[in-house]
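# Structure assessment
One-letter residues, chain by chain:
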Amino acid sequence: MFYLEAYKFFKRKLVFVLLIGIFLLIAIPEIGNGLYLMSNYAELKQRMELFERHNGILTDESAEEFWEDYKGILSNEEIEHIYYAYEHHYFDDGELKRVKDTFPSIGFDIIFGYYEQWQLFLVDVISYMQYIPVFIAVTFSGIFTYDKSCGMQEIMLSARYGRKQCTKAKVLLAFLVTNIMFFLVALLSSIKMFLLTQGRGWNTSIQLSSWLRDSQVDISYGILWLHTLFLSFLAINVILFITLSVSFLAKSPTVAMCISLGVLFLLRPDVVQVLIADKEMAGKVISLTPYNIISTYNLVRQTPVGSVQWIYIVEAVYVVLLISGGIFFFKKLIKQYKYFAS
């Protein structure tokens, strides 16, 4: 039964179009960026080694030492650009700010090290992971409804245990395809990063990025990468359960696809911010939605709840959602739903 479902699924042209599209959306920028970095690898290596020589707890003295060494490998134009771009972040009238003035809301030690490629790498991983929910909503929203619309349902009902075995095969296929895609995206997007850096800078504090300077999460880029993969896994599988449930209950593939894509659209940050006037509350609502918890950069910027960081709250909530959703789907829908012929 599983092979039959796999044949039916991959026979659809839409599946191949989406798979090729996602592959190109990932491969083209990765290849282009990889070629650029390899052509400038000597300069990249020099910068990494300079940052790593100053790896450790950031203090006023170590910041001054790094800046003096860093200016030695920069052109005058690059130095002027840094002064201009980071004047209000790290400089005051051309002089480095003190560490406590640069990070006024941080109550822990900042670990300095190489971070430039790490921050760009995580932006790419988050973007690539967000392609998968769209693939799920489009392809798996019709996995049950196609049987109803094309008459396959009657054929399944003529076989012993047809409904139950067919349903289990569909769910297994959806789970395997989704998580193989997740694994491949995580692997392909991570190989280049680790080949270029050999993991150097993994322990650098995320606060060194200007847009995360006020984050109150004591976490490094390497650990944030692991959180991104974990939350992506949770979010993608929760979205899969939602999509399968819609397909299980809907009467036509078009209706199921519209509902699934509609849910993803309504949970976009720009839509939620329009619906909720309170921006802080809108930010927390956005952080809790399945599509948006993949963006760990947004999560680590959220204000903690008491002494608990928002990213850990979201992980705990989604572990419970995934477990309870899986139990509900397999114990209730698959066993009790009446799959009558139309």
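Above this text you will find the structure in question.
From a predicted model like this one, the values you see are computed outputs, not experimental measurements.

### Quick notes on a nonpolar patch on the surface
There is a patch of nonpolar side chains on the surface, built from Leu172, Phe175, Leu176, Ile180, Phe183, Leu184, Leu187, Leu188, Ile191 and Leu195 and spanning about 920 Å² of accessible area. Among the secondary structure elements, leucine 172 is positioned in helix H11 (residues 162-197).

### Structural notes on the environment of glutamine 130
Mapped onto the elements, glutamine 130 comes out in the loop between helix H7 (116-129) and helix H8 (131-139). The exposure class assigned to glutamine 130 is buried, which follows from its relative accessible area of 16%. When the C-alpha atoms of glutamine 130 and tyrosine 291 are compared, they prove to be 7.0 Å apart, with 161 residues separating the residues in sequence. If we skip the residues at most four places from it in the chain, glutamine 130 touches Tyr291, Ile294 and Ser295.

### Observations concerning the packing of aromatic side chains
A complete count under the given rule lists 21 aromatic pairs for this structure. Ring pairs connect the aromatic residues Phe51, Phe66, Trp67, Tyr70, Tyr83, Phe91, Phe112, Tyr114 and Tyr115, which therefore count as one cluster.

### Details of the nonpolar core
Counting residues in hydrophobic clusters, the biggest one holds 84 residues, and the most contacted among them are Met129, Phe140 and Leu244. A per-element tally of this core places helix H12 (residues 221-249) first, with 14 residues. For leucine 244, the contacting residues outside a window of four places in its chain are Phe140, Ile143, Phe144, Val171, Ala174 and Phe329.

### Quick look at the environment of tyrosine 83
With respect to the helices and strands, tyrosine 83 occurs in helix H5 (residues 76-85). As for tyrosine 83 and glycine 94, which are separated by 11 residues in sequence, their C-alpha atoms are 6.4 Å apart. Beyond its immediate sequence surroundings of up to four residues, tyrosine 83 is in contact with Trp67, Lys71, Phe91 and Gly94.

### Quick notes on H12
Look at H12: 42 Å from first C-alpha to last across 29 residues, which is about the 42 Å you get at 1.5 Å a residue. Counting buried positions over the 29 residues of H12 gives 23, a clear majority of the element.

### Let's talk about empty space enclosed by the protein
Enumeration over the complete set of coordinates arrives at 2 cavities of 30 Å³ or more. Its volume calculated, the largest cavity comes out at about 60 Å³. Lining the largest cavity are Glu30, Asn33, Gln117, Leu120, Phe121, Asp124, Tyr128, Ser189 and Lys192. Counting residues per element, the lining of the largest cavity draws most heavily on H7, at 5 residues. Taken together, the residues that form the lining of the largest cavity break down as 3 nonpolar, 3 polar and 3 charged.

### Concerning the pattern of salt bridges
One pass over the full model with this rule turns up 4 salt bridges. The salt bridge involving lysine 192 is made with glutamate 30; its shortest N-O contact spans 3.6 Å. With lysine 192 in helix H11 and glutamate 30 in helix H2 (residues 13-39), the pair connects residues that are 162 residues apart, well separated along the chain. With respect to burial, lysine 192 and glutamate 30 carry one shared label: buried. The salt bridge involving arginine 98 is made with aspartate 101; its shortest N-O contact spans 3.7 Å. For arginine 98, a relative accessible area of 42% puts it in the partly exposed group.

### Things to note about the layout of surface pockets
Empty space among the atoms becomes apparent when a probe as large as a water molecule is rolled across them. Reported here for the largest pocket is a volume of approximately 930 Å³. Lining the largest pocket we find 35 residues, and of these Arg47, Phe51, Tyr70, Tyr115 and Glu116 sit closest to its centre. The set of elements that each furnish at least two residues to the lining of the largest pocket consists of H2, helix H3 (41-53), helix H4 (60-71), H5, helix H6 (99-102) and H7. Tallied by class, the residues present in the lining of the largest pocket amount to 23 nonpolar, 7 polar and 5 charged. Roughly 280 Å³ of internal volume is contained in the second largest pocket. Contributing to the lining of the second largest pocket are Phe10, Leu19, Ile22, Phe23, Ile26, Val177, Ile180, Met181, Leu184, Val185 and Leu188.

### A few points about a negative patch on the surface
Together, Asp60, Glu61, Glu64, Glu65, Asp69, Asp92, Asp93 and Glu95 make up a region of like negative charge exposed at the surface. Top element by residues in the negative patch is H4. It accounts for 5 residues. Checked against the element boundaries, glutamate 61 lands in helix H4.

Procedures and definitions
Starting from 1, residues in each chain are numbered consecutively following that chain's sequence as written. In keeping with the model being predicted, local features are shown solely for residues with a pLDDT of at least 70 and side-chain atom pairs are shown and tallied solely at 80 or more, while totals for entire chains, interfaces and linings include all residues. Side-chain measures here rest on the full set of heavy atoms in the structure, leaving out hydrogens and waters. Patch definition: residues above 30% relative accessible area lacking any salt bridge, with like charges linked at up to 9 Å and the nonpolar side chains Val, Leu, Ile, Met, Phe, Trp and Tyr linked at up to 5 Å. Using a 1.4 Å probe, the Shrake-Rupley method yields the accessible areas, and only the shown protein chains count as cover for residues. Salt bridges, as used here, are contacts in which a Lys or Arg side-chain nitrogen is within 4 Å of a carboxyl oxygen on Asp or Glu. The secondary structure listing takes helices from DSSP runs of H or I that are at least 4 residues long and strands from runs of E that are at least 2 residues long, numbered from the N terminus. Only protein chains enter the calculation, and the probe is 1.4 Å; a residue is then buried if its accessible area is under 20% of its type maximum, exposed if over 50%, and partly exposed in between. By the convention used here, residues are in contact when the closest approach between their heavy atoms is within 4.5 Å. Working definition: rings of Phe, Tyr and Trp (its six-membered ring) pair if their centres are within 6.5 Å, and the pair is stacked with planes under 30 degrees apart, edge-to-face with planes over 60 apart, and tilted otherwise. We define the nonpolar core as a collection of buried residues of types Ala, Val, Leu, Ile, Met, Phe, Trp, Tyr and Cys that are connected through side-chain atoms lying within 4.5 Å of one another. By this rule the span expected of a helix is its residue count minus one, scaled by 1.5 Å. Cavities and pockets were defined on a 1 Å grid built over protein atoms only: a cavity is a set of grid points that admits a 1.4 Å probe from which the probe cannot escape, a pocket is an open set flanked by protein on both sides within 12 Å along at least five of seven lines, and lining residues are those with an atom within 4 Å of any such point. Grid points are joined across faces, edges and corners, and a volume is the space filled by probe spheres set on the points. Under the convention adopted here, Pro, Cys and the residues Ala, Val, Leu, Ile, Met, Phe, Trp and Tyr are nonpolar, Asp, Glu, Lys and Arg are charged, and Gly plus all remaining residues are polar. As used throughout, the charge tally considers Lys and Arg to be positive and Asp and Glu to be negative, leaving His and the chain termini uncounted. All charge positions are set by atom: Lys at NZ, Arg at CZ, Asp at CG, Glu at CD.

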